[in-house]
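One-letter residues, chain by chain:
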Amino acid sequence: MVIFSQKPGIIGDMSQGQFISFCTADALARAAQDLKSGALVAFPTETVYGLGADATNAEAVARIYNVKGRPADHPLIVHLADMQDVTDWASDIPDYAIDLARAFWPGPMTLILPRTDLAKDFITGGQATVGLRVPDHTLALALLQEFKKIGGKGLAAPSANRFGQVSPTTASAVQEELGDFFDEKDVILDGGQSSVGLESTIIDCTASAPRILRPGAITIEMIEEVTGLKVEDRDEVIRVSGSLENHYAPSAQILLDGHPRPGDGYIALKSYPTPEGAIRLAAPVDNEDFARQLYSALREADAQEIELVVVVQPEGTDIAIAIRDRLKRASQGR
Ligand code: TXA
Ligand code: MG
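Residues numbered from 1 in each chain as written. Chains lettered and ligands numbered in written order. Predicted model: local features only at pLDDT ≥ 70, side-chain atom pairs only at ≥ 80, totals over all residues. Heavy atoms only, no water.

Draft legend 1. Up close: the overall build of the chain. Within the chain, the secondary structure is distributed over ten helices and 15 strands. For the chain, with 334 residues in total, the buried portion stands at 57%. For the chain, contacts bridging at least 24 residues in sequence account for 65% of all contacts bridging at least 6. For the chain, the exposed surface amounts to about 13,900 Å²; the carbon and sulfur share of it is 49%. (Helix = DSSP H or I, 4+ residues; strand = E, 2+ residues; numbered from the N terminus. Buried < 20%, exposed > 50% of the residue type's maximum accessible area, 1.4 Å probe, protein only. Contact = heavy atoms within 4.5 Å. Areas by Shrake-Rupley, 256 points an atom, 1.4 Å probe, with all protein chains shown as cover.)

Laid out in structure tokens, this is it:
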């Protein structure tokens, strides 16, 4: 069982894995050592929690696939401590990708680049490209630094959920999702609630101009402004598991922009009053707040065994695009 420690530095015991709350420098150094010896470490990022493993260790990475229940040909994002580390993993990096890295890293953006020999098939799913990201979270960066100090090259980390399910934005959501599948040596680091709440923007940087493969907090406008290039439309040729229609789905059925009956769940901006009898799951004040609260609200619907959740989609071309993208997939069901 997990012990949620409220005292800094105390490491709780858990039959499946350990739960580290309020991580100290010692705890992080230990987690980095655990990663080196092949353990999985779930860690917070600003987007969602990741399930980390040494990206050069085939056996550790294979365990990610087991714990997630994810098909083995789906590529993983490699997380780096520093932008300088990109050249370990990627070659032929276009100038616009460097501009993007300078502008948005550390941050909620993943760049798809031609791989070096360090990026093996077990990371890239056999593709000639690799996904790279420097996350913007103090604890994630500290863990990556500790890992680098002992010779680590980067951490492979998909979202820390079972395949097809809603990504976790808190440590306790990770424990609910994956606790049963963890070993004793695996670790969950608690870094509070993810501040963005939706997965990173994925940008394909293998052509003459960037293409968005998954929308996120870094928007088309932001990319065009930094690169001075016209961003191409999403292309389904490159495999992105997040592009499967039935992804990011809770057990509850999601109905977009409908009217809830009594007992149905309801998620909408705060300016929308709760229809009579509906169970209000979130009342975000703006689109960013909507992104931050969405996944925990969907989890709450499942916890309350609500069968149908009506979501009023936010408007706009900011992170609302990514919210509508995830909602569309969630509404396709499992
Ligand atoms: O915000 C995020 O990106 C989070 C945090 C933990 O960093 N990670 C995340 O990972 O969402 P994951 O594995 O759940 O989703 C990554 C997506 C997958 O759909 C995968 O197919 C795609 O990135 N991807 C990874 N490498 C790729 C590549 N070389 N080419 C195309 N797509 C790639
Ligand atoms: Mg995922």
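Draft legend 2. Local environment of the sheet that holds strand β13 (residues 265–267). The strand order across the open sheet built from four strands is β12-β15-β13-β14, with neighbouring strands paired in parallel fashion. Since the sheet does not close on itself, it has two edges, and those belong to β12 (253–256) and β14 (279–282), each with one partner. Averaged over neighbouring strand pairs, the angle between their axes works out to 30° when direction is ignored. Taken together, the three bridges between β13 and strand β15 (residues 308–311) define a ladder with parallel strand orientation. If you follow I267 over to β15, its bridge partner there is V311. Where helix α9 (residues 287–303) meets the sheet, it contacts β12, β13, β14 and β15, and its direction lies at approximately 135° from that of β14. (Pairing = 2+ DSSP bridges. Axes fitted to C-alpha atoms, helices over the stretch in contact; angles between N-to-C directions.)

Draft legend 3. Examining the site of ligand 1 more closely. Residues in contact with ligand 1 amount to 26 residues; listed here are only the nearest, T47, R70, H79, S200 and R214. A distance of 2.8 Å is found between an oxygen atom of ligand 1 and a side-chain nitrogen or oxygen belonging to R70. At a separation of 3.1 Å, an oxygen atom of ligand 1 approaches a polar side-chain atom of R133. With the chains in place, 98% of the 680 Å² that ligand 1 exposes on its own is no longer accessible. Elements with a contribution of two residues or more to the shell around ligand 1: β5 (77–79) and β7 (129–133). (Near = heavy atom within 4 Å. Polar contact = N/O pair within 3.5 Å; in protein donor to acceptor, adjacent residues only side chain to side chain.)

Draft legend 4. Structural detail: unusual backbone geometry. A cis amide bond links W105 with the next residue in sequence, P106, at an omega value of -10°. Structurally, P106 is set in the loop between α4 (95–104) and β6 (109–114). Of note in this structure, E305 is not a glycine but carries a positive phi near 55°. Tracing the backbone shows E305 in the loop between α9 and β15. For E305, a relative accessible area of 69% corresponds to the exposed category.

Draft legend 5. Region of the structure containing the confidence of the model for the chain. Mean pLDDT over the chain stands at 90; residues scoring 70 or higher make up 89%. Here residues 1–13 is a poorly scored stretch, pLDDT under 50, and it has 27 contacts once near neighbours within four places are set aside; other chains count. A low-confidence stretch, residues 235–239 stays under pLDDT 50, and its non-local contacts, those more than four residues away or across chains, total eleven contacts. (pLDDT = per-residue confidence, 0-100.)

Draft legend 6. Local environment of the packing of α9 against helix α10 (residues 320–330). For the pair α9 and α10, interaxial distance at closest approach is 9 Å and the crossing angle is 30°. Taken together, the axes of α9 and α10 lie roughly parallel to each other. Considering the relative orientation of α9 and α10, their crossing is left-handed. Residues N287, F290, A291, L294 and Y295 of α9 pack against A320, I323, R326 and L327 of α10. Each residue belonging to the contact of α9 with α10 can be placed in one class, and the counts come to seven nonpolar, one polar and one charged. (Parallel < 35°, antiparallel > 145°, perpendicular 65-115°, else oblique. Left-handed = near helix turned anticlockwise from the far one by under 90°. Nonpolar A, V, L, I, M, F, W, Y, C, P; charged D, E, K, R; others polar.)

Draft legend 7. The environment of R162, seen in detail. As for its position among the elements, R162 is in the loop between β8 (155–156) and α7 (171–178). On the accessibility criterion, R162 (24% relative accessible area) is partly exposed. Linking R162 and K68, residues 94 residues apart in sequence, is a C-alpha distance of 4.4 Å. Beyond its immediate chain neighbours, meaning those up to four positions away, R162 contacts N66, V67, K68, G69, E177, L178 and F181.

Draft legend 8. A look at the pairing of strand β10 (residues 201–204). Neither face of β10 is open: one carries T201 and I203, the other I202 and D204, and all of them are buried. Of the pairings in the sheet, the one linking β6 to β10 comprises four bridges and is parallel in character. Looking at the pairing, M109 lines up with T201 of β10. As judged from the three bridges shared by β10 and strand β11 (residues 211–214), these two strands associate in the antiparallel manner. Counted as the bridge partner of I202 is R214 from β11. The hairpin turn running from β10 into β11, its antiparallel successor, is six residues long.

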